[in-house]
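Summary of the model geometry
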Amino acid sequence: MRNNNELTTIGFDADDTLWQNEQFFRMTERRFAAMLADHGEEKQISARLLEAERRNLAVYGFGIKGFTLSMIETAIEVTDGRVPASVIAQILDAGREMLSHPIEVLPHVRETVETLAGAYRLVLITKGDLFDQERKLAGSGLGDLFDAVEIVSDKNAATYSRLFSRHGDGPAKSMMVGNSLKSDVVPAIEAGGWGVHVPHELTWVLEHVEAPLAEPRFRQISDLGQLPTLVESIKNPA
């Protein structure tokens, strides 16, 4: 009979946990600021764009399409409505390029997921645009290694409670692994599970919160290659 501390299910974030993502947003943001260089410095344009993204999250959700719409909105605002159609076309081109960029799987990902597959139920839990996330998963070549894939509009404690009950034995016997403390780690712990932080050098500012260092189910590793050893230490504590 399984005990209450047994780990049976592991959830993985996708963007910047399994494959590169934020770097393409940063590159496009710099390109966008260059388009509007006559209307402000790069820091100013980026700050206005962040304001638009923050406002629009509840409307457009997470992902490239919402980011593209926020760039268009920002361009209209900073030019007082005089942005040329040619610049709007460039913004749309930049968004399309992001949506077709090749997938770059991060180091240690494949071997780690392959090691854990079969021994645990593996669930990919990602937020963002449905078509884009499906495209990236297909391009990563990792899809067959997961027992389930969930693309959600947001991640919170209720999300993890629901998904880990649906695909596992409940949050208490589950772990969520990801680069975002705000989306992947803190709410998974709040739901009663383990939260494992795998920092990425680039994390969107709206995903920043303090690490829950006092939580007994919080762990941090430097890369995904350390996850099997961590899982084993939880399964068989000294």
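So, a few notes on the structure that sits alongside this text.

Moving on to empty space enclosed by the protein. Per the stated rule, a full pass over the model turns up two cavities of 30 Å³ or more. Tallying contributions element by element places helix α6 (residues 130-140) first for the lining of the second largest cavity, with three residues. Of the residues belonging to the lining of the second largest cavity, the class tally is five nonpolar, three polar and three charged.

Pairs can form between side chains of opposite charge whenever their charged atoms are close. Taken as a whole and assessed by the stated rule, the structure comprises 16 salt bridges. Note that Arg 96 and Asp 93 form a salt bridge whose closest N and O atoms lie 2.7 Å from each other. Taken as a pair, Arg 96 and Asp 93 lie in helix α4 (residues 85-99) at a separation of three residues, close to a single helical turn.

Put simply, helix α1 (residues 22-35) and α4 touch, their axes get as near as 11 Å, and they point 170° apart. Classified by the angle between their axes, α1 and α4 sit roughly antiparallel to one another. For the pair α1 and α4, contact is made by Phe 24, Phe 25, Thr 28, Arg 31, Phe 32 and Met 35 and by Val 87, Gln 90, Ile 91, Ala 94, Glu 97 and Met 98, respectively. In terms of residue class, the contact of α1 with α4 is made up of eight nonpolar, two polar and two charged.

The next thing to look at is α1. Between its first and last C-alpha atoms α1 spans 20 Å; for 14 residues at 1.5 Å apiece the expected length is 20 Å, and the two agree. Those residues of α1 hidden inside the fold are in contact with α2 (42-60), α3 (64-78) and α4.

With that settled, the discussion passes to the pairing of strand β4 (residues 174-178). Burial of β4 is extensive: five of the five residues sit out of reach of the surface. On β4, burial covers both faces: Ser 174, Met 176 and Gly 178 on one face and Met 175 and Val 177 on the other are all buried. Here strand β1 (residues 9-12) pairs with β4 via four bridges, running parallel. When the bridges of β4 are listed, Phe 12 appears paired with Val 177. For the crossover that starts at β4, traverses helix α8 (residues 181-190) and ends in the parallel strand β5 (residues 194-197), the hand is right-handed.

Take His 197: it is sitting in strand β5. His 197 sits in the buried class, given a relative accessible area of 8%. Leaving out residues up to four positions away in the same chain, His 197 has contacts with Gly 178, Asn 179, Ser 180, Leu 181, Val 185, Phe 218, Arg 219, Gln 220 and Ile 221.

Moving on, we get to the sheet that holds β4. In space, the six strands of this open sheet follow the order β3-β2-β1-β4-β5-β6, with parallel pairing throughout. Both outer strands of the open sheet, β3 (148-152) and β6 (218-220), are each paired with one neighbouring strand and no more. Going across the sheet, the axis of each strand differs from the next one's by a mean of 20°, ignoring polarity. Along the sheet, α8 makes contact with β2 (121-127), β4, β5 and β6, crossing β5 at roughly 155°.

Quick look at the nonpolar core now. By size, the foremost hydrophobic cluster in this structure holds 28 residues, and its most contacted members are Ile 10, Phe 12, Leu 18, Met 175, Val 177 and Leu 227. Secondary structure elements with two or more residues in this core: β1, α5 (109-116), β2, β4, β5 and α9 (227-235). With four residues, the top contributor of residues to this core is α9. Once residues within four sequence positions are removed from consideration, Met 175 is found in contact with Leu 7, Thr 9, Ile 10, Gly 11, Phe 164, Trp 194, Val 196, Leu 227, Val 231 and Ile 234. Core analysis: the second largest hydrophobic core is formed by 18 residues, Met 35, Leu 36, Phe 67 and Met 71 among them.

Taking 1.5 Å of rise per residue, 15 residues should cover 21 Å, and α3 covers 21 Å from first to last C-alpha, within 8% of that figure. Taken together, the buried positions of α3 are occupied by Ile 64, Gly 66, Phe 67, Thr 68, Ser 70, Met 71, Ile 72, Thr 74, Ala 75 and Val 78. Directly beyond the C-terminal end of α3, a positive phi value near 55° is found at Asp 80.

Rules of the game
Residues numbered from 1 in each chain as written. Predicted model: local features only at pLDDT ≥ 70, side-chain atom pairs only at ≥ 80, totals over all residues. Heavy atoms only, no water. 1 Å grid on protein atoms, 1.4 Å probe; cavity = no way out; pocket = protein on both sides within 12 Å on 5 of 7 lines; lining within 4 Å. Points joined across faces, edges and corners; volume = space filled by probe spheres on them. Helix = DSSP H or I, 4+ residues; strand = E, 2+ residues; numbered from the N terminus. Nonpolar A, V, L, I, M, F, W, Y, C, P; charged D, E, K, R; others polar. Salt bridge = Lys/Arg side-chain N within 4 Å of Asp/Glu carboxyl O. Axes fitted to C-alpha atoms, helices over the stretch in contact; angles between N-to-C directions. Parallel < 35°, antiparallel > 145°, perpendicular 65-115°, else oblique. Contact = heavy atoms within 4.5 Å. Expected span 1.5 Å × (residues − 1). Buried < 20%, exposed > 50% of the residue type's maximum accessible area, 1.4 Å probe, protein only. Pairing = 2+ DSSP bridges. Right-handed = clockwise from strand over helix to strand, strands pointing away. Core = buried A, V, L, I, M, F, W, Y, C linked by side-chain atoms within 4.5 Å.

Remember that the coordinates give geometry; whether it matters functionally is a separate question.
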